[in-house]
Amino acid sequence: MKKILSYTLQNWDKIPQSAFLSNEDREAIEVVGRVLPFKTNNYVTDQLIQWDQLKDDPIFTLNFPRRGMLLPHHYDKVAALMGDEQKLNVVIEDIRRELNPNPSGQEHNVPEFKGKRLHGLQHKYRETVLLFPRPGQTCHAYCTFCFRWPQFSGLPDMKFSIKEDYELYIEYIKDHPRVTDILFTGGDPMTMNATLLRAHIEPMLSRGMEQIQNIRIGTKALAYWPYRFTTDEDADNVLRLFDDIIQSGKHLSIMAHFNHPVELSTPAVKEAITRIRNTGAQIRTQSPVLRHINDDPNVWAEMLKREVELGCIPYYMFVARDTGAKHYFEIPLAQCQAIFREAYQKVSGICRTVRGPSMSDHAGKIQILGVNEAAGEKLFVLRFIQGRNPDWVAKPFFAKFNPTATWFDQLEPAFGEKEFFFEHELGDYLRDALERDRGAY
Ligand SMILES: *Cc1c(COP(=O)(O)O)cnc(C)c1O
Ligand code: SF4
């Protein structure tokens with residue numbers, strides 16, 4: 001396949017298979033698609049979606065707006081105003097702001113350096129810097145659960161992207177010699193052409209950047225547009241860049257986002273994985289656990305097995321963040337952990353490199369290790385995989401069991417304690433960040 005045919009709100013009725021859609025599906029696309037970003041492409045529609053089983057098709061749900069993705073009162077409000085563009089735009093803007101567009105205080109991770117805010121950089125964990133190249137702030141298709149959705153919708157003040165001189169970013173990294181990992185993210189950096197991608201990555205390979213050991217690229221391209229690595233016009237240049245990264249002595253890891261085993265089933269994705277692996281790059285995989293998509297240990301077990309079979313390394317199972325259509329996709333933490341545990345038990349040790357379920361909260365990546373009892377109390381056993389303070393990491397701690405909680409902020413410390421062991425210190429971090437923000441704006 002040589003060309004991306006993108007489908008959006010403007011042209012989705014040109015999708016050849018759209019005849020399968022009911023009137024209700026069509027209305028939902030028009031209404032929900034006004035609030036949440038919607039984009040898909042001809043690979044997804046031709047090869048991943050099973051159009052004769054739309055009602056439960058996970059890939060359709062991943063790409064297409066469905067009625068339940070807006071709360072009923074939001075849906076009704078938008079539906080009633082369809083056609084009245086002026087009023088509609090005001091209501092849409094209000095609803096978007098209500099949907100918690102930047103969860104977990106990501107803006108606190110944006111540092112100030114030499115008197116400037118680096119709007120395209122997040123630095124939360126000591127070793128790893130996230131970069132948001134400006135031309136990469138889009139995706140080949142959009143996930144309806146996406147927590148980066150302000151990057152694609154009309155909320156410009158919420159966007160992370162590199163607006164300042166790139167040299168300043170390089171200086172920032174050199175000024176933080178403990179940074180070993182650069183994670184290019186977005187959006188999807190693989191929407192950039194090979195020249196732009198190279199322009200962003202090459203400075204990391206140059207003299208003076210010996211501190212950088214690992215280059216990571218977070219991408220959904222393998223799932224939504226594998227031709228990026230095979231038949232796209234500049235696919236060979238992309239792979240040459242990967243070669244050059246490896247030749248420079250650095251590790252390259254493609255952090256591939258897969259949500260369902262179907263995404264690992266086509267000849268195109270298999271060929272793309274082979275070509276990437278032939279450069280010496282590793283592919284690590286990650287996904288949130290999502291209702292309607294993969295809330296089933298068998299689906300996870302199959303996904304993990306296929307990943308390993310194709311030469312990928314399972315990395316993270318995430319808990320869906322509190323944003324956008326969260327109410328549609330969310331699963332109680334207890335159930336997330338049960339899904340993880342059962343899937344983990346079904347696969348061999350080689351697949352058990354997956355870690356989770358993990359919540360990216362203000363304090364860090366918090367893993368739910370399990371449910372157990374101590375001193376007569378039912379508990380969640382938790383630990384940090386990553387912490388704002390590295391000292392918090394890999395120390396088990398306990399929360400009261402709560403069968404309905406869907407995020408860490410709904411949990412309470414166990415054994416009648418007033419706060420979790422890190423909360424006092426976290427308060428200091430966030431206060432500092434707030435003060436810095438006040439000065440900067
Ligand atoms: C997940 C994440 C990272 C990377 O963490 P690893 O455990 O090294 O994969 C870095 N920064 C932020 C803000 C993250 O959420
Ligand atoms: S691939 Fe990632 S950034 Fe892109 S739409 Fe999906 S969740 Fe969002």
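This is a predicted model, so every value here is computed, not measured.

Participant: So what's going on with the overall build of the protein chain? Residues and values would help.
Facilitator: Check the secondary structure of the protein chain and you find 14 helices and 15 strands. At 22 Å, the protein chain has a C-alpha radius of gyration in line with the 22 Å of a compact globule built from 441 residues. Projected onto its principal axes, the C-alpha positions of the protein chain cover 55 × 55 × 50 Å. Counting all 441 residues of the protein chain, 58% fall into the buried class. Roughly 18900 Å² of accessible area belongs to the protein chain as shown, and the carbon and sulfur atoms make up 48% of that amount. Across the protein chain, 54 positive and 58 negative side-chain charges occur, with their mean positions spaced 3 Å apart.

Participant: Describe the site of ligand 2, listing the residues and the values that go with them.
Facilitator: Taken together, Cys 139, Ala 141, Tyr 142, Cys 143, Cys 146, Phe 152, Gly 187, Lys 220 and His 257 form the complete shell of residues around ligand 2. Taken together, the residues of the shell around ligand 2 sort by class into six nonpolar, two polar and one charged.

Participant: For the sheet that holds strand 5 (residues 121-125), give the residues involved together with the corresponding values.
Facilitator: Read across the sheet, eleven strands follow the order 5-6-7-8-9-10-11-12-13-14-15 without closing on themselves; strand pairing throughout is mixed. Strands with a single pairing partner mark the edges of an open sheet, and in this sheet they are strand 5 and strand 15 (397-400). Going from strand to strand, the sheet's axes swing by 30° on average, the running direction of each strand aside. The strands touched by helix 11 (residues 297-309) within the sheet are strand 10 (282-289) and strand 11 (313-319), with strand 10 carrying the most contacts at an inclination of about 170°.

Participant: Please provide a residue-by-residue account of the pairing of strand 5, values included.
Facilitator: Burial analysis of strand 5 places five of its five residues in the buried class, the great majority of the element. For strand 5 and strand 6 (residues 128-131), the ladder comprises three bridges, and the chain directions are antiparallel. Residue pairing in the sheet places Tyr 125 in a bridge with Thr 128 of strand 6.

Participant: Account for unusual backbone geometry, with residues named and values stated.
Facilitator: Here the bond from Gly 186 into Gly 187 is cis, since omega is 20°, no more than 30 degrees from zero. For Gly 187, the position within the fold is in the loop between strand 7 (181-184) and helix 7 (194-201). Gly 356 connects to Pro 357 through a cis peptide bond whose omega is -15°. Tracing the chain through its elements places Pro 357 in strand 12 (residues 355-360). Even without glycine at this site, Ala 375 takes up a positive phi of about 50°. Taking relative accessible area as the criterion, Ala 375 reaches 77% and is therefore assigned exposed. The phi dihedral of Ala 394 falls on the positive side, at around 65°, and the residue is not glycine. Here Ala 394 is to be found in the loop between strand 14 (377-387) and strand 15.

Participant: Outline the nonpolar core, supporting the account with residue identities and numerical values.
Facilitator: One finds Met 204, Leu 222, Phe 242 and Phe 408 to be the most contacted residues of the largest nonpolar core, which totals 132 residues. Discounting residues that sit within four places of it in the chain, Leu 222 has contacts with Phe 229, Ala 256, Phe 258, Val 269, Ala 272, Ile 273, Ile 276 and Ile 283. Core analysis: the second largest hydrophobic core is formed by ten residues, Val 110, Leu 130, Leu 183 and Phe 318 among them.

Participant: Tell me about the packing of aromatic side chains, residues and numbers included.
Facilitator: In the structure shown here, the tally under the stated rule is 31 aromatic pairs. Ring plane angle 80° and centroid distance 5.8 Å describe the contact between Trp 51 and Phe 60, whose orientation is recorded as edge-to-face. For Trp 51, a relative accessible area of 7% corresponds to the buried category. Under the relative-accessibility criterion, Phe 60 is labelled buried at 1%. Look at Phe 397 and Phe 422: their rings are 5.7 Å apart centre to centre, the planes differ by 75°, and that puts the pair in the edge-to-face class. With a gap of 25 residues between them, Phe 397 in strand 15 and Phe 422 in the loop between strand 15 and helix 14 (423-440) connect regions that are remote in the sequence. Both residues of the pair, Phe 397 and Phe 422, count as buried. One aromatic cluster in this structure is built from Phe 384, Trp 392, Phe 397, Phe 408, Phe 420, Phe 421, Phe 422 and Tyr 429.

Reading the values: the criteria
- Residues numbered from 1 in each chain as written.
- Chains lettered and ligands numbered in written order.
- Predicted model: local features only at pLDDT ≥ 70, side-chain atom pairs only at ≥ 80, totals over all residues.
- Heavy atoms only, no water.
- Helix = DSSP H or I, 4+ residues; strand = E, 2+ residues; numbered from the N terminus.
- Rg over C-alpha atoms; globule rule 2.2 N^0.38 Å.
- Buried < 20%, exposed > 50% of the residue type's maximum accessible area, 1.4 Å probe, protein only.
- Areas by Shrake-Rupley, 256 points an atom, 1.4 Å probe, with all protein chains shown as cover.
- Lys, Arg positive; Asp, Glu negative; His and termini not counted.
- Charge placed at Lys NZ, Arg CZ, Asp CG, Glu CD.
- Near = heavy atom within 4 Å.
- Nonpolar A, V, L, I, M, F, W, Y, C, P; charged D, E, K, R; others polar.
- Pairing = 2+ DSSP bridges.
- Axes fitted to C-alpha atoms, helices over the stretch in contact; angles between N-to-C directions.
- Contact = heavy atoms within 4.5 Å.
- Core = buried A, V, L, I, M, F, W, Y, C linked by side-chain atoms within 4.5 Å.
- Phe/Tyr/Trp six-rings, centres within 6.5 Å; stacked < 30°, edge-to-face > 60°.

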